[in-house]
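Residues per chain are reported as follows:
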Amino acid sequence: MQTVKLKITATETWYPEVEVPDHVKTNDEILEFIQDYDNLDEDIYDSYGYTNTCDYKCETEVMEDK
């Protein structure tokens, strides 16, 4: 038997939908609005709440000895 080193890379992407005021129009304004957590009723950065919209990708590589 031998021990090998693996590299595991996992990527999660989820798609929450949030309400923003009508005056918030541009992408920059939306990002500024959502960065203030007090403006949101939920934690959009918690993927657990969005498992129904979550895409998950996992890759495994064998790392070469150097």
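Read on for an overview of the structure. Just so we're clear, the structure is a prediction, and the values are computed from it rather than from any experiment.

Moving on to the environment of Asp 46. Mapping Asp 46 onto the fold places it in the loop between helix H1 (27-35) and strand S2 (55-62). Separated by 30 residues in sequence, Asp 46 and Pro 16 have C-alpha atoms that sit 9.9 Å apart.

Counting residues in each nonpolar core, the largest one holds 5 residues, listed as Val 24, Phe 33, Ile 34, Ile 44 and Tyr 50. Setting aside anything within four residues of it in sequence, one finds Tyr 50 in contact with Trp 14, Pro 16, Glu 42, Asp 43 and Ile 44.

Before going further, it helps to examine the environment of Tyr 15. Looking at the element boundaries, Tyr 15 is found in the loop between strand S1 (6-13) and H1. Accessibility expressed as a relative area gives 49% for Tyr 15, which makes it partly exposed. For the pair Tyr 15 and Ile 44, spaced 29 residues apart in sequence, the C-alpha separation works out to 8.9 Å. Among all residues touching Tyr 15, those that are not within four sequence positions of it are Thr 53 and Asp 55.

Calculation notes
Residues numbered from 1 in each chain as written. Predicted model: local features only at pLDDT ≥ 70, side-chain atom pairs only at ≥ 80, totals over all residues. Heavy atoms only, no water. Helix = DSSP H or I, 4+ residues; strand = E, 2+ residues; numbered from the N terminus. Core = buried A, V, L, I, M, F, W, Y, C linked by side-chain atoms within 4.5 Å. Buried < 20%, exposed > 50% of the residue type's maximum accessible area, 1.4 Å probe, protein only. Contact = heavy atoms within 4.5 Å.

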